[in-house]
Amino acid sequence: DQQVKQNSPSLSVQEGRISILNCDYTNSMFDYFLWYKKYPAEGPTFLISISSIKDKNEDGRFTVFLNKSAKHLSLHIVPSQPGDSAVYFCAASVSGNEKLTFGTGTRLTIIP
Amino acid sequence: NAGVTQTPKFRVLKTGQSMTLLCAQDMNHEYMYWYRQDPGMGLRLIHYSVGEGTTAKGEVPDGYNVSRLKKQNFLLGLESAAPSQTSVYFCASSRRGYEQYFGPGTRLTVT
């Protein structure tokens, strides 16, 4: 049972345009959400997070939106740059629980 | 700060052989984790630890054992390797259990 789903395995976006990566979850107990970025042959690196008490969190070019009623979150990257080409993982957790549940990832390719 | 380091980076095993993967962190984090990453499966939690001397099972613990004798180290053992354990293994650590910091990974092939 995949509790965190990233239904798009890949996404291609023109440089300078907006990249939107989507993530859906089924467990209504999740209240903390994170995005990780992974380059080939490296470990994932933390990008941005959001608590369920917010519906938006922004950090530079990266913004995460949370729609609790739809159990959906998205990561917006504006403007997209070639260095953003990577695999992006969505993850979720329940407060007080040490474990993260990861999605299967979306491979983002930025076209110059 | 080295962050999270993993040893070795690559390993090839024959079915039935055993090995230990070492994870070390220098950030004084309480929590440590072992994941495996397989194509189309994302990151799946094998075992984790919330402090020195403690371990707990994750989503896919079968065939693996772990030990956390020192706060900075978390060992993952395969007693009798199987081809199904061919994967990339990542170690991670965190202070509060949320923003985990990952190591560079160990690519293991079992033939």
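Our subject is the structure that appears above.
Residues numbered from 1 in each chain as written. Chains lettered and ligands numbered in written order. Predicted model: local features only at pLDDT ≥ 70, side-chain atom pairs only at ≥ 80, totals over all residues. Heavy atoms only, no water.

Draft legend 1. Up close: the overall build of chain A. What chain A contains, in helices and strands, is zero helices and eleven strands. Reading the helices (α) and strands (β) of chain A from amino to carboxyl end gives β-β-β-β-β-β-β-β-β-β-β. Computed over the C-alpha atoms, the radius of gyration of chain A is 13 Å, within 12% of the 13 Å expected from 2.2 N^0.38 for a compact globule of 112 residues. Taken along its principal axes, the extent of the C-alpha atoms in chain A is 40 × 30 × 20 Å. The buried share of chain A, taken over its 112 residues, is 45%. For chain A, the proportion of contacts with a sequence separation of at least 24, taken over those separated by at least 6, is 54%. With the model as given, the accessible surface of chain A reaches about 5400 Å², and the carbon-plus-sulfur share is 48%. (Helix = DSSP H or I, 4+ residues; strand = E, 2+ residues; numbered from the N terminus. Rg over C-alpha atoms; globule rule 2.2 N^0.38 Å. Buried < 20%, exposed > 50% of the residue type's maximum accessible area, 1.4 Å probe, protein only. Contact = heavy atoms within 4.5 Å. Areas by Shrake-Rupley, 256 points an atom, 1.4 Å probe, with all protein chains shown as cover.)

Draft legend 2. Representation of the interface of chain A and chain B. Contacts between chain A and chain B engage 22 residues on the former and 19 residues on the latter. In total, about 1600 Å² of surface goes out of reach between chain A and chain B, with carbon and sulfur atoms giving 62% of it. At the junction of chain A with chain B, the criterion picks out zero salt bridges. One can count two residue pairs in polar contact (both at pLDDT 80 or more) joining chain A with chain B. Contributions of two or more residues to the side of chain A that touches chain B are made by β4 (32-38), β5 (45-51) and β9 (86-93) of chain A. Here the element with the most residues in the side of chain A that touches chain B is β4 of chain A; it accounts for four residues. Of the residues in the side of chain A that touches chain B, the class split is ten nonpolar, eight polar and four charged. (Buried area = accessible area lost by both parts, 1.4 Å probe. Salt bridge = Lys/Arg side-chain N within 4 Å of Asp/Glu carboxyl O. Polar contact = N/O pair within 3.5 Å; in protein donor to acceptor, adjacent residues only side chain to side chain. Nonpolar A, V, L, I, M, F, W, Y, C, P; charged D, E, K, R; others polar.)

Draft legend 3. Local environment of unusual backbone geometry. Note that the residue after Val78 of chain A, namely Pro79 of chain A, is joined by a cis bond; omega there is -10 degrees. In this structure, Ala41 of chain A is a non-glycine residue whose phi angle is positive, near 65 degrees. For Ala41 of chain A, the location among the structural elements is in the loop between β4 and β5. If you check the backbone angles, Asn28 of chain B has positive phi at about 60 degrees while not being a glycine. Here Asn28 of chain B lies in the loop between β3 (19-25) and β4 (31-38).

Draft legend 4. Quick peek at the nonpolar core. In terms of nonpolar packing, the biggest core is built from 23 residues, with Phe33, Trp35, Leu73, Leu75 and Tyr88 of chain A touching the most fellow members. Within the residue set of this core, elements represented by two or more residues are β3 (19-25), β4, β5, β7 (62-67), β8 (72-77), β9 and β11 (106-111) of chain A. With four residues, β9 of chain A is the largest single contributor of residues to this core. Among the nonpolar cores identified, the runner-up in size contains 19 residues, and Leu13, Met19, Leu21 and Met27 of chain B belong to it. (Core = buried A, V, L, I, M, F, W, Y, C linked by side-chain atoms within 4.5 Å.)

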